Amino acid sequence: AVPAGYTLLNCASVDSRGISLPCNPAGTDVTVEGDMVYAGGNDVTSDIAVRRALNYGIDRNQMIEHVLAGFGRAAYSVGDGMPWSSEAMRVETDVAAAERLLDAAGWARGDDGMRARDGLPCAFDLYYAAGDSTRQALAYDFADQAGALGIAVEPKGASWDDIYLRQYADPVLWGWGSNSPVEDYQLYYTGGSCNFTGYSDAKTDELLDAALAATDMNESYRLWQQAQEDVGPDAEALW
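Every value quoted in this text rests on a predicted model; they were computed, and no experiment measured them.

> Can you help me understand helix α4 (residues 133–148) in this one?
One full turn of an α-helix is made of 3.6 residues, so residues set three or four places apart face in the same direction. An ideal rise of 1.5 Å per residue puts 22 Å on 16 residues; α4 measures up with 23 Å between its terminal C-alpha atoms. What α4 keeps buried is the set Arg-135, Leu-138, Ala-139, Asp-141, Phe-142, Ala-143, Gln-145 and Ala-146.

Written as structure tokens, this is what we have:
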């Protein structure tokens with residue numbers, strides 16, 4: 001119910017919340033600005049089966065109901081609904097498909113229901129900004145759903161100073177929005193300023209460069225969309 005004297009304004013936006021999933025194994029350090037070295041990579045999320053399983057197995061609408069009282073919409077990319085967004089980024093919740101992906105990749109459930117492979121628990125930390133109660137709640141709901149899949153996720157509230165030290169090695173619950181497709185360039189281009197997953201692919205880089213260089217707007221949209229096909233839930237599943 002809306003308190004007396006107040007009105008509720010519901011606005012559409014591209015402001016989204018998403019979880020980065022590092023795609024390289026642990027020990028893949030990242031050097032920024034020539035001399036700053038950050039720990040990089042994660043031995044669990046570097047398995048594409050885990051990343052795809054999370055994309056399929058997490059019910060985004062359940063998170064919206066539990067955390068946002070229904071005021072939100074499921075997000076599949078940083079530009080949903082914009083002219084440059086691609087349907088390749090969308091995925092319907094399919095827990096059974098997620099389970100099959102994990103089973104086929106050798107992540108077997110133990111007596112406690114949690115998965116492991118070759119002695120490695122299917123587990124990771126999920127960092128969120130400790131001062132943001134919404135991100136905290138989203139992180140814990142995500143952890144609950146991942147646990148049902150047999151993936152043990154430990155939410156960790158921290159300051160941004162601490163999160164930045166782990167941003168290339170551990171999943172982080174990020175949030176932003178931009179009315180520009182350049183956001184995709186920052187996320188997916190090799191060495192991009194927001195490429196927290198460590199993704200690097202020459203074909204994707206070529207498409208992103210071409211999208212930036214395009215002199216026709218519609219042609220640029222097509223190229224942005226093609227680049228997203230390389231990183232969507234049925235491809236690299238990076239977020």
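> Help me out: how do you make sense of the environment of Leu-238 in this one?
Within the fold, Leu-238 resides in the segment after α8 (217–229). Given the relative accessible area of 0%, Leu-238 is considered buried. Sequence separation between Leu-238 and Phe-196 is 42 residues; the distance between their C-alpha atoms is 9.4 Å. Every residue in contact with Leu-238, bar those within four places of it in the chain, is listed here: Ile-19, Ser-20, Leu-21, Cys-23, Arg-51, Tyr-188, Thr-197, Tyr-199 and Val-231.

> Would you explain the pattern of salt bridges in this entry?
Opposite charge on two side chains makes pairing possible when the charged atoms of those side chains draw close. Enumeration over the complete set of coordinates arrives at twelve salt bridges. Taking the shortest distance from any N to any O, the salt bridge between Asp-47 and Arg-117 comes out at 2.8 Å. Residue Asp-47 is found in the loop between β3 (36–38) and α1 (48–57), and its partner Arg-117 is found in strand β5 (residues 115–117); the two are separated by 70 residues along the sequence. A salt bridge links Glu-236 to Arg-51, with the nearest nitrogen and oxygen atoms 3.0 Å apart. Placement of the pair is Glu-236 in the segment after α8 and Arg-51 in helix α1, with a sequence separation of 185 residues. Classification of Glu-236 by relative accessible area gives partly exposed; the value is 25%.

> When you look at the packing of helix α2 (residues 60–68) against α4 in this model, what are you seeing that I'm missing?
The description of two packed helices rests on the angle between their axes and on the distance between the axes. Axis separation between α2 and α4 bottoms out at 10 Å; the angle between their running directions is 135°. Overall, the two elements α2 and α4 adopt an arrangement that is oblique. When you trace α2 past α4, the crossing you get is right-handed. Mapping the contact onto sequence places Gln-62, Met-63, His-66, Val-67 and Leu-68 in α2 and Thr-134, Ala-137, Leu-138, Asp-141, Phe-142 and Gln-145 in α4.

> Even after reading the chapter, I still don't get the sheet that holds β5, so can you show me in this structure?
Within a beta sheet, neighbouring strands are joined by backbone hydrogen bonds and run either parallel or antiparallel to one another. A sheet is described by the order of its strands in space; here three strands give the open sequence β4-β5-β6, paired in antiparallel fashion. Both edges of this open sheet fall to β4 (108–109) and β6 (120–121), since each of them pairs with a single strand only. Judged from the two bridges that link them, β4 and β5 form a sheet pairing that is antiparallel. Bridging across to β5, Arg-109 finds its partner in Arg-115.

> Would you take a moment to explain the side chain of Asp-47 for this structure?
Its relative accessible area of 12% is what places Asp-47 among the buried residues. Polar contacts involving the side chain of Asp-47 include one to the side chain of Arg-117, which spans 2.8 Å. Contacts of Asp-47, omitting those with residues within four sequence positions, involve Ala-105, Trp-107 and Arg-117.

> Hey, could you run me through unusual backbone geometry in this one?
Negative phi values dominate among residues other than glycine, just as trans dominates among peptide bonds. Of note, Ala-69 is a non-glycine position whose phi angle comes to about 55°, a positive value. One non-glycine residue with positive phi stands out, namely Ala-237, at about 50°. Note on placement: Ala-237 falls in the segment after α8.

> Which parts of the structure should I look at to understand the pairing of strand β8 (residues 152–158)?
The side chains of a regular strand alternate, first on one face of the sheet and then on the other. Bridge count between strand β7 (residues 123–129) and β8: seven bridges; the pairing is parallel. Bridging across to β8, Phe-124 finds its partner in Val-153. As a crossover connection, the stretch from β7 through α4 into β8 is right-handed.

> Would you take a moment to explain the environment of Asn-61 for this structure?
Along the chain, Asn-61 falls in helix α2. In this structure the C-alpha to C-alpha distance between Asn-61 and Ala-158, which are 97 residues apart in sequence, comes to 26 Å.

Analysis parameters
- Residues numbered from 1 in each chain as written.
- Predicted model: local features only at pLDDT ≥ 70, side-chain atom pairs only at ≥ 80, totals over all residues.
- Heavy atoms only, no water.
- Helix = DSSP H or I, 4+ residues; strand = E, 2+ residues; numbered from the N terminus.
- Expected span 1.5 Å × (residues − 1).
- Buried < 20%, exposed > 50% of the residue type's maximum accessible area, 1.4 Å probe, protein only.
- Contact = heavy atoms within 4.5 Å.
- Salt bridge = Lys/Arg side-chain N within 4 Å of Asp/Glu carboxyl O.
- Axes fitted to C-alpha atoms, helices over the stretch in contact; angles between N-to-C directions.
- Parallel < 35°, antiparallel > 145°, perpendicular 65-115°, else oblique.
- Left-handed = near helix turned anticlockwise from the far one by under 90°.
- Pairing = 2+ DSSP bridges.
- Polar contact = N/O pair within 3.5 Å; in protein donor to acceptor, adjacent residues only side chain to side chain.
- Right-handed = clockwise from strand over helix to strand, strands pointing away.

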